[in-house]
Amino acid sequence: MDSLTNMNRAISYIEEHLVHDIDFQEVSRIAQCSEYHFKRMFSFLAGVSLSEYIRRRRLTLAAFDLKDRNEKVIDVAMKYGYHSPDAFTRAFQSLHGVTPTEARQHGHSLKAFPKMTFQLTIKGGTEMNYRIEHKEAFKVVGWKKRVALVPTGTNPDISEMWETISDETYAQIEELSDVKPRGIINVCTNFSDERSQDGELDYFIAAATTKPCPDNLEELEIQQHTWAVFEVEGDWDNVQETWSRIYSEWFPSSTYEHVEGPEILASKANQSEIWMTVRKK
């Protein structure tokens, strides 16, 4: 697939510039997609943010330099973008479990994170049901919390929100729903810059509505977008599998790319819809 080929070319560019400032506009040009699409695709496919991948790769190469080339710690720190030996030592120890000085000595175990490549795995050719919708601006109202960004798997912050929301608040939000997507919806938005080490996002347990926002809740205005809406039958495992397939199968083979905007999950009984903001490539 051309999309995955371009992703791998962009990874090669990043690898060639690990000891320099990385031009993310050039990365997106090589990948032939927006910077936002590249970072979201990378995070979902790799299971780590792009910034974390770059950090791990630089510290992997730094360990080799210290071990094999016997370079000074200050020189290695500067080479990989750290402005002080202390900052480099903290980052190095958090990954490898030993200080840069200890890494020179024999007998210490160090971590190595190899260059990543993406490939398409042919599984069962399972169909994906989707539609494209052009939706005017609308708003959602609900209970919001800033949570940690977890690229894959269960997000403990979000799980805690669902465990602690009161029946009264849930019913209040449900009563607000009067436009599509109907019912209680999950809304993820305002993703932090992927280049930061600790990603975050705003998470809403909400309803799409034309009604006023109650004092105890918060509202989010969503601009006009084109949406790819994916239909899912089954439980949360099916939803997660479909979400993964959107990035690993649908985007690479479609004529659309992900654009910055909210991601919405609407579920009722055993039926769900995943709403993604998209545009033509």
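Check the entry above for the structure.
What this report covers is the structure whose coordinates are included nearby. Given the structure is predicted, the values throughout are model-derived calculations rather than measurements. (Residues numbered from 1 in each chain as written. Predicted model: local features only at pLDDT ≥ 70, side-chain atom pairs only at ≥ 80, totals over all residues. Heavy atoms only, no water.)

All right, on to the overall build of the chain then. When helices and strands are counted, the chain shows ten helices and eight strands. Counting only C-alpha atoms, the chain reaches 65 × 40 × 30 Å along its principal axes. Counting across all 281 residues of the chain, residues that qualify as buried make up 48%. Summarising the internal contacts of the chain: among those between residues at least 6 apart in sequence, 71% fall at separations of at least 24. A total of about 14700 Å² of accessible surface is found on the chain, and carbon and sulfur atoms cover 46% of it. With 32 positive and 44 negative side-chain charges, the chain shows a spacing of 6 Å between the two charge centroids. (Helix = DSSP H or I, 4+ residues; strand = E, 2+ residues; numbered from the N terminus. Buried < 20%, exposed > 50% of the residue type's maximum accessible area, 1.4 Å probe, protein only. Contact = heavy atoms within 4.5 Å. Areas by Shrake-Rupley, 256 points an atom, 1.4 Å probe, with all protein chains shown as cover. Lys, Arg positive; Asp, Glu negative; His and termini not counted. Charge placed at Lys NZ, Arg CZ, Asp CG, Glu CD.)

Counting 37 residues, the largest nonpolar core has Ile14, Phe38, Ile274 and Met276 as the members making the most contacts within it. Listing elements by their share of this core, those giving two or more residues are α1 (2-16), α2 (24-31), α3 (35-46), α4 (50-69), β6 (225-233), α10 (236-253), β7 (256-268) and β8 (271-280). In this structure Phe38 touches Met7, Ala10, Ile11, Ile14, Val27, Ala31, Cys33 and Leu50, once residues within four positions along its chain are discounted. Formed by 17 residues, the second largest nonpolar core is a distinct cluster that contains Tyr36, Met161, Cys188 and Leu217. (Core = buried A, V, L, I, M, F, W, Y, C linked by side-chain atoms within 4.5 Å.)

Looking at α2, one finds that the buried residues are Phe24, Val27, Ser28, Ile30 and Ala31. For α2, the buried positions fall inside an angular range of 160° around the axis, keeping them on one side. In α2, the exposed positions angled more than 90 degrees off the buried face are occupied by Gln25 and Arg29. The elements touched by buried residues of α2 are α1, α3 and α4. For α2, the N-terminal cap is Asp23; the gap from its side-chain oxygen to the backbone nitrogen of Gln25 is 3.0 Å. Within two residues after α2, Gln32 carries a phi angle of roughly 55°, on the positive side. (Arc of directions from axis to C-beta. Polar contact = N/O pair within 3.5 Å; in protein donor to acceptor, adjacent residues only side chain to side chain.)

It is worth spelling out the packing of aromatic side chains at this point. Applying the stated rule across the entire model yields 15 aromatic pairs. Counting every residue linked through ring pairs, the aromatic cluster contains Phe44, Tyr130, Phe230, Tyr247, Trp250, Phe251 and Tyr256. Its end group placed over the ring of Phe191, Arg40 keeps NZ or CZ at 4.2 Å from the ring centre. Sitting above the plane of the Phe138 ring, Lys135 keeps its charged end 4.5 Å from the centroid. (Phe/Tyr/Trp six-rings, centres within 6.5 Å; stacked < 30°, edge-to-face > 60°. Lys NZ or Arg CZ within 6 Å of the ring centre and 35° of its normal.)

Sheet architecture is open: eight strands sit in the order β1-β6-β8-β7-β3-β4-β2-β5, paired in antiparallel fashion. Of all strands in the sheet, those bounded by a partner on one side alone are β1 (129-135) and β5 (218-222). For this sheet, the mean inter-axis angle between neighbouring strands, taken without regard to orientation, is 35°. Pairing between β7 and β8: nine bridges, direction antiparallel. Directly across from Ile264, in β8, lies its bridge partner Trp275. Helix α8 (residues 156-164) rests against β2 (138-148), β3 (185-189) and β4 (200-209) of the sheet, and its axis sits at about 120° to β2. (Pairing = 2+ DSSP bridges. Axes fitted to C-alpha atoms, helices over the stretch in contact; angles between N-to-C directions.)

Scope: geometric values only; no functional claims are made or implied.
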